[in-house]
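# What the coordinates show
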Amino acid sequence: MTMATTRQFSSFSDLLATTDKPLLVDFYADWCGPCRMMAPILEQVKKYLKSEVEVVKIDSERYPQLTSQHHVQALPTLILFHRGRELQRWEGVQPPEVLIDAIRRL
């Protein structure tokens, strides 16, 4: 069972503008080994924080313009947004505690 929600939105900026809770965005690619390692970690974060956070995965190959717009240089890149603003970003695999702590501090 996967905890990440798949939903359509007209634009990423609409998603940022309409989400009240913290938004953790994972920029990834299917061919990226470390990106695949992040998937179960993100599941842990979502399971632990339940409705406190929304986790969104963005395929950098399918959305290169969005990836470029957010200055993603490496994969995976995780960006924490709150109230439409970027608060923090991480490159590479991160332990769940790092992400949970950052979200809990909001």
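Residues numbered from 1 in each chain as written. Predicted model: local features only at pLDDT ≥ 70, side-chain atom pairs only at ≥ 80, totals over all residues. Heavy atoms only, no water.

The name an unreviewed UniProt entry gives the chain is Thioredoxin, with Thermosynechococcus vestitus as the organism. On record in UniProt, under Sequence similarities (unreviewed entry), the comment for the chain is "Belongs to the thioredoxin family." (UniProt positions renumbered as here; feature names shortened; annotations may be inferred.)

### A few points about the pairing of strand E3 (residues 77–82)
The buried fraction of E3 amounts to six of the six residues, a majority that puts the element mostly inside the structure. Residue alternation in E3 divides its side chains into two sets, Thr77, Ile79 and Phe81 and Leu78, Leu80 and His82, and both sets are buried. One ladder, built from five bridges, connects strand E1 (residues 23–28) with E3; its direction is antiparallel. Residue pairing for E3: Asp26 is matched across the bridge by Leu78. (Buried < 20%, exposed > 50% of the residue type's maximum accessible area, 1.4 Å probe, protein only. Helix = DSSP H or I, 4+ residues; strand = E, 2+ residues; numbered from the N terminus. Pairing = 2+ DSSP bridges.)

### Describing the packing of aromatic side chains
Scanning the entire structure with this criterion turns up one aromatic pair. Between Phe12 and Phe81, the aromatic rings sit 5.7 Å apart at their centres with planes inclined by 75°, giving edge-to-face as the arrangement. Taken together, the residues span a long stretch of sequence, with Phe12 in helix H1 (residues 12–18) and Phe81 in strand E3 at a distance of 69 residues. The two residues Phe12 and Phe81 agree in class, both being buried. Lying across the ring of Tyr28, Lys57 places its NZ or CZ 4.4 Å from the centre. (Phe/Tyr/Trp six-rings, centres within 6.5 Å; stacked < 30°, edge-to-face > 60°. Lys NZ or Arg CZ within 6 Å of the ring centre and 35° of its normal.)

### Description of helix H2 (residues 33–49)
Because the α-helix completes a turn every 3.6 residues, residues three or four places apart line up on one side. Its 17 residues give H2 an end-to-end C-alpha distance of 25 Å, which sits within 8% of 24 Å, the value for a rise of 1.5 Å per residue. Taking the largest bend as the criterion, H2 deviates by roughly 25°, centred on Ala39, and proline Pro40 comes between one and four positions later. Listed as buried for H2 are Cys35, Met38, Ile41, Leu42, Val45, Lys46 and Leu49. In the segment just after H2, Lys50 is the residue with positive phi, at about 45°. (Expected span 1.5 Å × (residues − 1). Bend = angle between axes of the 7 residues up to and from the residue.)

### Points about the sheet that holds strand E4 (residues 85–91)
Pairing within the open sheet is mixed, and its four strands lie in the order E2-E1-E3-E4. Strands with a single pairing partner mark the edges of an open sheet, and in this sheet they are strand E2 (54–59) and E4. Neighbour to neighbour, the strand axes of the sheet diverge by 20° on average, direction disregarded. Set on the sheet, helix H4 (residues 96–104) makes contact with E1, E3 and E4; between it and E4 the angle comes to about 165°. (Axes fitted to C-alpha atoms, helices over the stretch in contact; angles between N-to-C directions. Contact = heavy atoms within 4.5 Å.)

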